[in-house]
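# Analysis of the macromolecular model
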Amino acid sequence: MQLLATLLFDSLSYASWLFIVALGLTLAFGVLKILNIAHGSFYALGAYAAATGVGWLTQAGWSPWWSLPLMAMAAVVVALCVSPLVERWILRPFYGRDEVLLVLVTYALFLIMEDLTKMVWGVNPYFASEPYGLFGTLEVGEQTYVGYDLALMALALGAGLFVWWVLNRTRHGKVVLAVIHNAEVAASMGIAVSRVYAVAFGVSVCLAALGGAFTAPLISIQPGVSVSVVIVSFAVVIIGGLGSIEGAALGALIVGLARAVAVHFAPDVELFAIYGVMALVLAVRPQGLFQRVQARKI
């Protein structure tokens, strides 16, 4: 039972931040039909911005509790600064074209942003460990769990429920769903499709940066961190089904569990276990576990 609880906690801890990042990735595909290779770069920007802000707070002698709203603010600032430029001047000219072309465009953007982060922050690793001890530890039997991991799970749950509620229970969400199903018909009904695209992409970038900001206390932030994140995020959305929030949640749980089992029993095959599960799911359901409803054109 103790081993089972440890595996469950490790998988949920890993799946929590991964779900936040994958949620932004699946939102971008659902609305804009973009397989955004540069999504991991937005994650890295959020992590770097949060680590920089936490470092400033520490040097100024502020309470570490201020780092939590600062990390959230860092994600919002990254989205406000980056998403309008990328969506308006790089992605918008390619809307409606072949999806493979958009993959190449976002891959080029990924390479550019990798070099830009090196120019701004250098190649030395950044650390933001101060917030990690804010929530203490939780003793369950002989096992000790870090409270920050539990807070990260709560953040992931809140982010997922909020995005689902906005899309399914609000007027603005209905507008987004109309654009998802048929952008041409939505435009003919007076919906500003370009504005919906811009807002959806901004939220996608914000979710990626939010995942990076709140993962910063857990990792060493250095060049290349975006590569591993975007690869695993794609595994999540492919397992769950492109464009599905429920699929992203289930895919993150499956990937987290596969990783936890591999780390505990066979650390050398950690990455292989994740992609082995993905291959197994695709062999049974090529469209993923949850397939987004497609509008049938007559």
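### Describing the packing of aromatic side chains
If you walk through the whole model with that rule in mind, you get 13 aromatic pairs. Taking 6.0 Å as the distance between ring centres and 85 degrees as the angle between the ring planes, the aromatic pair formed by Phe-42 and Phe-201 counts as edge-to-face. With Phe-42 in helix α2 (residues 39-60) and Phe-201 in helix α8 (residues 193-215), this pair connects stretches of sequence that are 159 residues apart. Looking at Phe-42, the relative accessible area reads 0%, which means it is buried. A residue is classified by how much of its surface remains accessible, and Phe-201, at 1% relative accessible area, is buried. Taken together, a centroid distance of 5.0 Å and an interplanar angle of 75 degrees make the contact between Tyr-95 and Tyr-197 edge-to-face. Of this pair, Tyr-95 sits in the loop between α3 (67-91) and α4 (99-121) while Tyr-197 sits in helix α8; the two residues are 102 residues apart in sequence, bridging distant segments of the chain. Each member of the pair, Tyr-95 together with Tyr-197, is buried. Taken together through their ring pairs, the aromatic side chains of Trp-65, Tyr-132, Phe-135 and Tyr-148 make up a single cluster. The ring of Trp-89 carries the charged tip of Arg-88 above its face, separated from the ring centre by 4.6 Å.

### Quick word on the environment of Val-77
You can see Val-77 is positioned in helix α3. Of the residues examined, Val-77 reaches a relative accessible area of 41% and is grouped as partly exposed. Each C-alpha atom, one on Val-77 and one on Cys-206, is 8.4 Å from the other, the two residues being 129 residues apart in sequence.

### A word on the side chain of Ser-67
As for its placement among the helices and strands, Ser-67 is situated in helix α3. A relative accessible area of 2% places Ser-67 in the buried class. Those residues in contact with Ser-67 that sit more than four places away from it in its chain are Val-54, Leu-57, Pro-131 and Leu-134.

### Focus: unusual backbone geometry
The general pattern is negative phi for most residues beyond glycine and trans for most peptide bonds. Its identity is not glycine, yet Lys-33 carries a phi of approximately 60 degrees, on the positive side. Turning to its location among the elements, Lys-33 is positioned in the loop between α1 (2-32) and α2. The class for Lys-33 is partly exposed, based on a relative accessible area of 27%.

### Thoughts on the packing of α1 against helix α9 (residues 225-240)
Look at α1 against α9: their axes get within 9 Å of each other, and the N-to-C directions meet at 80 degrees. Our classification of the angle between α1 and α9 gives roughly perpendicular. Each of Tyr-14, Trp-17, Leu-18, Val-21, Ala-22, Leu-25 and Thr-26 in α1 lies in contact with α9, whose residues at this interface are Val-229, Val-232, Ser-233, Phe-234, Val-236 and Val-237. A breakdown of the residues in the contact of α1 with α9 according to their chemical character gives 11 nonpolar, two polar and no charged.

Conventions we followed
Residues numbered from 1 in each chain as written. Predicted model: local features only at pLDDT ≥ 70, side-chain atom pairs only at ≥ 80, totals over all residues. Heavy atoms only, no water. Phe/Tyr/Trp six-rings, centres within 6.5 Å; stacked < 30°, edge-to-face > 60°. Helix = DSSP H or I, 4+ residues; strand = E, 2+ residues; numbered from the N terminus. Buried < 20%, exposed > 50% of the residue type's maximum accessible area, 1.4 Å probe, protein only. Lys NZ or Arg CZ within 6 Å of the ring centre and 35° of its normal. Contact = heavy atoms within 4.5 Å. Axes fitted to C-alpha atoms, helices over the stretch in contact; angles between N-to-C directions. Parallel < 35°, antiparallel > 145°, perpendicular 65-115°, else oblique. Nonpolar A, V, L, I, M, F, W, Y, C, P; charged D, E, K, R; others polar.

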